[in-house]
Amino acid sequence: QLARIQTDSVVEMLRELYPDLRIEIAVAMSTTGDKILDTALSKIGEKSLFTKELENALERHEVDLVVHSLKDLPTSLPPGFTIGAVCKRENPLDAVVFHPKNCGKTLSLLPEKSVIGTSSLRRAAQLKKKFPQLEFRDIRGNLNTRLKKLDEKEDFSAIILAAAGLKRMGWENRIGQLLSPEDCLYAVGQGALAVEVRAKDQEILNMVSALHDADTVLRCIAERAFMKRLEGGCSVPVAVNTMLKDGQLYLTGAVYSLDGSDSLKETMQTSVNYPQQNEDGPNDDVQHVGITAKNVPGQAQEAAENLGVELATLLLSKGAKHILSVARQLNDAR
C-alpha cells in the first residue's frame, strides 16, 4: 500500500508537469524482500532485495520508471540504470508508535524490560545505548502488518518506524514521539523518493529530472557517498543527519556496534553554493552515487559527494572499519 501511495504521488507530479502524458501504473510487484517475512532484513542480504525484480522489468522495457524509497536503493546501481529524480524529502526522522495502552508515553517513560519492535540494526544500536532498560526485538512486514502486530497482540510496547511512511499513509496521528537526531540519527536517504530509469533513455531522463529537489539531491548525495565509502548496507548500523543552510551543507555521520556500546560520530561541512552552468555535452550524464541530476549544479553535486567521502574517511581513520566488521560478523552469527 505504501509503495502504491508513493508511486501515485510521483505520477501525480508528472501529470501536473506534463498534462498530455499518458501514464499507466502497469505492474504491482512483490519483491524478494516482501516475501521473506520471517527473517530479519539484515540477515537476508543487501538492499537489492527490494529492487531486483523491478530493475528486471525496467531492463526488459516493460516499464519506463520505477519509484523506490531512496533508502532501499544500493549506493551502486547495476550498469544501465540511474536515479533520474530524487523528490523533495519528507521528514526523515524516526518515529515511535506506541501500543494503545501506552498512549501518551515516551520511550523514557515505558516500564523497564518493555519490548520495542524494529527491523533496523541502526535504530536498535542507537536506542539500546540511550535506553538500556528497554528490550529491542525484530519485527518485519509492511507498515499495515507491523501496526497490526503492535495493536492486536501484547508482544510489543512500541515500534519504531520512519515518520515519512506513516505520514504518506495518512497515519501521522499514530506518531507518539518523534526521535530527534540527538536520540537517533536516520538512515541514508530516509524520507526521499527516488525514480529509477534506464541511464541511456534521454527522453525519460529529461522528463523525470524536473522532479528533482535540489536540496534533497545534495543532502542525499552526501549521505550515499558516506555510506558507499564505508561499504555500509542493511547488515551494519550506519546513520546520518544532514542540513543545508546558507549555501553550506552539513553532514553528521556515525557507525555503531550492534549493542551501541561502541560508536564513532563526526560532523563536517562544505559549501555547495555554485551557480548552474550549461553543462551540455558529454558531462550531461555524470552520475554521483547513482544519481543523475542535470538541473542541479555539477560542482555542488561534486562537493556533496566529496563531503560524504571525506567524512567516511575520517571515521575509517578512527577505527570505523573494525566496528563495522565486528557488527557484520555478530549479525551473521545471530
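Before any of the text, the structure's been laid out above.
By convention here, each chain's residues receive numbers from 1 onward along its written sequence. Thresholds applied to this predicted model are a pLDDT of at least 70 for local features of residues and 80 or more for the giving and counting of side-chain atom pairs; totals over whole chains, interfaces and linings are not thresholded and use all residues. Only hydrogens and water are set aside when side-chain values are computed; all heavy atoms of the structure are taken into account.

Undergrad: Explanation requested: the side chain of Gln6 in the structure shown.
TA: A run of H or I in DSSP becomes a helix once it reaches four residues, and a run of E becomes a strand once it reaches two; helices and strands are each numbered from the N terminus. On the secondary structure map, Gln6 appears in helix H1 (residues 2-17). We call two residues in contact whenever any of their non-hydrogen atoms come within 4.5 Å of each other. For Gln6, the residues in contact, after removing those within four places along its chain, are Val67, His68, Ser69, Arg168 and Leu193.

Undergrad: Looking at this structure, how should I read the sheet that holds strand S4 (residues 115-117)?
TA: Through backbone hydrogen bonds, the strands of a sheet pair up, either in parallel or in antiparallel fashion. Two strands form a pair only when DSSP identifies at least two bridges running between them. Pairing is mixed across the open sheet formed by five strands, whose spatial order is S5-S4-S6-S3-S7. Of all strands in the sheet, those bounded by a partner on one side alone are strand S5 (135-137) and strand S7 (177-179). Strand after strand, the sheet turns through a mean of 30 degrees between neighbouring axes, direction not considered. Pairing between strand S3 (residues 94-98) and strand S6 (residues 158-162): five bridges, direction antiparallel. Following the sheet pairing, Val97 is matched in S6 by Ile159. Fitted lines through C-alpha atoms give the axes, limited to the stretch in contact for helices. The angle between two N-to-C directions lies from 0 to 180 degrees. Running at roughly 165 degrees to S6, helix H5 (residues 143-152) makes contact with S3 and S6 of the sheet.

Undergrad: I keep staring at the pairing of S6 and nothing clicks. Help me out?
TA: The side chains of a regular strand alternate, first on one face of the sheet and then on the other. Relative accessibility thresholds used throughout: buried, under 20% of the residue-type maximum; exposed, over 50%; partly exposed, between the two (1.4 Å probe, protein chains only). In terms of burial, S6 is a largely internal element, five of the five residues being buried. Side chains of S6 alternate between two faces, with Ala158, Ile160 and Ala162 and Ile159 and Leu161 buried alike. Inspection of the sheet shows S4 paired to S6 by two bridges, in the parallel sense. Bridge pairing links Gly117 to Ile159 in S6.

Undergrad: Hey, could you run me through the sheet that holds strand S11 (residues 263-271) in this one?
TA: Ordered by their spatial adjacency, three strands build an open sheet running S9-S10-S11, and the pairing between neighbours is antiparallel. The open sheet is flanked by strand S9 (238-245) and S11, the only strands paired with a single partner. Neighbouring strand axes in the sheet, compared pairwise and without regard to direction, differ in orientation by 15 degrees on average. Strand direction decides the pairing type here: S9 and strand S10 (residues 248-256), joined by eight bridges, are antiparallel. Bridge pairing links Val238 to Val255 in S10. The sheet contacts of helix H8 (residues 214-230) involve S9 and S10, and relative to S9 the element is tilted by about 150 degrees. Lying on the sheet, helix H10 (residues 320-333) is in contact with S9, S10 and S11; it crosses S10 at an angle near 50 degrees.

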